[in-house]
Amino acid sequence: MRETPETARRVTRRRVRTRARLLGAAFEVFAAKGFGRVSIEEVCEAAGFSRGAFYSNFATLDELFFALYRERADLIAAQVADALAQDGPDLDVPASVDRVTEVLLLDVDWLLVKTDFLVHAARDPAVAQALLDHRGRLREAVADRLSRARGHTELPAVLGGADGAARAVVAAYDGVTTQLLLDRDVDAARGWLKQLLTALLTDGGGAPARKP
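Since we're looking at a predicted model, the values are computed, not measured.

Participant: How do you make sense of the side chain of arginine 139 when you look at a structure like this?
Facilitator: Structurally, arginine 139 is set in helix H7 (residues 125-148). As a buried residue without a salt bridge, arginine 139 has its nearest oppositely charged side chain in aspartate 163, at a separation of 5.0 Å. Excluding residues that lie within four positions of it along the chain, arginine 139 makes contacts with Ala166, Arg167 and Val170.

Structure follows, in structure tokens:
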């Protein structure tokens, strides 16, 4: 019997839902136990699927782990880019910082998974390159927005331009999230991140430096 387009669409939708459930279950299991201590069976049990469902979506646990990281990393990049894009050609740095720190994903479970991924990448050059690529995209999203605003808003010279500013923004996020892993104080993390980003991207007084 020939498969109809509608049947094919239903199969595709079902597979998308299955993949999403596997990723959601994996996130919970990885956050609770840590990567390296989790089996495929545990992920399948948490998702309510068989191993067959797993292997129809992922070849290995490493592949699932990377897909999970990519999904969350892309979400963060999109959050930052969207928050920075709302000022048009100009850039209201304090307002943009407020938006970024309000929407940015500061979730302890995600940070646990992210840290596991970082440790995993440090021991595997191929995974490390993939992680560098994703971090690069986040920096590019920030740098692109800062570059487009340079005609209206001057960044502190010490940062060396938009790319340097983007690297500083990512470094600030890394530092704040490391502290958050230890003290679990999300409100304090948002406040500290806001102070850091404001200091980095302005003259330090809360107002953006303007070109004369």
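Participant: Explain the packing of helix H4 (residues 61-84) against helix H6 (residues 108-122) here, please?
Facilitator: To describe two helices that pack against each other, one gives the angle between their axes and the distance between the axes. Their axes nearest at 11 Å, the elements H4 and H6 cross at an angle of 120°. When the axis of H4 is compared with that of H6, the two are oblique. Helix-helix and strand crossings are classified by hand; for H4 and H6 the assignment is left-handed. Where H4 abuts H6, its residues Asp62, Phe65, Phe66, Leu68, Tyr69, Arg72, Ala73 and Ile76 lie against Trp110, Val113, Lys114, Asp116, Phe117 and His120.

Participant: Is there a simple way to think about empty space enclosed by the protein in this case?
Facilitator: The gaps left among the atoms become clear once a water-sized probe is rolled over them. One pass over the structure, following the stated rule, counts 3 cavities of 30 Å³ or more. Taken as a whole, the largest cavity holds about 160 Å³ of empty space. Lining the largest cavity are 15 residues; nearest its centre among them are Val80, Val100, Val142, Val169 and Leu197. When contributions to the lining of the largest cavity are tallied by element, the ones reaching two or more residues are H4, helix H5 (93-103), H7, helix H8 (162-183) and helix H9 (186-201).

Participant: Is there a simple way to think about the packing of H8 against H9 in this case?
Facilitator: Closest axis-to-axis distance for the H8/H9 pair is 10 Å, and the angle between their directions is 160°. With respect to each other, H8 and H9 are oriented roughly antiparallel. As H8 runs across H9, the sense of the crossing is right-handed. Between H8 and H9, the contacting residues are Ala165, Ala168, Val169, Ala172, Tyr173, Val176 and Leu180 on the first element and Val186, Ala189, Trp192, Leu193, Leu196, Leu197, Leu200 and Leu201 on the second. Tallied by class, residues from the contact of H8 with H9 come to 15 nonpolar, no polar and no charged.

Participant: What am I meant to see in the environment of arginine 70 here?
Facilitator: Along the polypeptide, arginine 70 turns up in helix H4. Placed 61 residues apart in sequence, arginine 70 and leucine 131 show a C-alpha to C-alpha distance of 8.7 Å.

Participant: Help me understand the layout of surface pockets, please; the structure alone is not making it clear to me.
Facilitator: Taken as a whole, the largest pocket holds about 210 Å³ of empty space. Lining of the largest pocket is provided by Tyr69, Leu111, Lys114, Thr115, Leu118, Leu131, Arg135, Asp174, Thr177, Thr178 and Leu181. Of all the secondary-structure elements, those providing two or more residues to the lining of the largest pocket are H6, H7 and H8. Residues belonging to the lining of the largest pocket are distributed by class as follows: 5 nonpolar, 3 polar and 3 charged.

Participant: Explain the pattern of salt bridges to me, please; I cannot follow it from the model alone.
Facilitator: Any two side chains of opposite charge can pair if their charged atoms end up close together. Within this structure, the stated rule accounts for 6 salt bridges. Its salt-bridge partner being glutamate 42, residue lysine 33 comes within 2.4 Å of it at the nearest N-O pair. For lysine 33, a relative accessible area of 39% translates into the label partly exposed. With a closest N to O distance of 3.3 Å, aspartate 163 and arginine 167 form a salt bridge. Separated by 4 residues within a single helix, aspartate 163 and arginine 167 lie in helix H8, roughly one turn from each other. Here the residues in one salt-bridge network are Lys114, Arg135 and Asp174, joined through shared partners.

Participant: Help me out: how do you make sense of the nonpolar core in this one?
Facilitator: Phe30, Leu64 and Leu201 are the most contacted members of the largest nonpolar core, which has 62 residues in total. Here this core takes 12 residues from H4, the largest share from any one element. Setting aside chain neighbours within four positions, we find leucine 201 in contact with Val93, Val97, Leu146, Leu155, Pro156, Leu159, Ala165 and Val169.

Participant: Help me out: how do you make sense of helix H2 (residues 40-47) in this one?
Facilitator: Since the α-helix turns once every 3.6 residues, residues separated by three or four places project in the same direction. Restricting attention to buried positions, one finds in H2 the residues Ile40, Val43, Cys44 and Ala47. For H2, the angular spread of buried residues about the axis comes to 100°, placing them on one side. One or two steps after H2, the chain reaches glycine 48, where phi turns positive at roughly 80°.

Parameters and conventions
- Residues numbered from 1 in each chain as written.
- Predicted model: local features only at pLDDT ≥ 70, side-chain atom pairs only at ≥ 80, totals over all residues.
- Heavy atoms only, no water.
- Helix = DSSP H or I, 4+ residues; strand = E, 2+ residues; numbered from the N terminus.
- Buried < 20%, exposed > 50% of the residue type's maximum accessible area, 1.4 Å probe, protein only.
- Lys, Arg positive; Asp, Glu negative; His and termini not counted.
- Salt bridge = Lys/Arg side-chain N within 4 Å of Asp/Glu carboxyl O.
- Contact = heavy atoms within 4.5 Å.
- Axes fitted to C-alpha atoms, helices over the stretch in contact; angles between N-to-C directions.
- Parallel < 35°, antiparallel > 145°, perpendicular 65-115°, else oblique.
- Left-handed = near helix turned anticlockwise from the far one by under 90°.
- 1 Å grid on protein atoms, 1.4 Å probe; cavity = no way out; pocket = protein on both sides within 12 Å on 5 of 7 lines; lining within 4 Å.
- Points joined across faces, edges and corners; volume = space filled by probe spheres on them.
- Nonpolar A, V, L, I, M, F, W, Y, C, P; charged D, E, K, R; others polar.
- Core = buried A, V, L, I, M, F, W, Y, C linked by side-chain atoms within 4.5 Å.
- Arc of directions from axis to C-beta.

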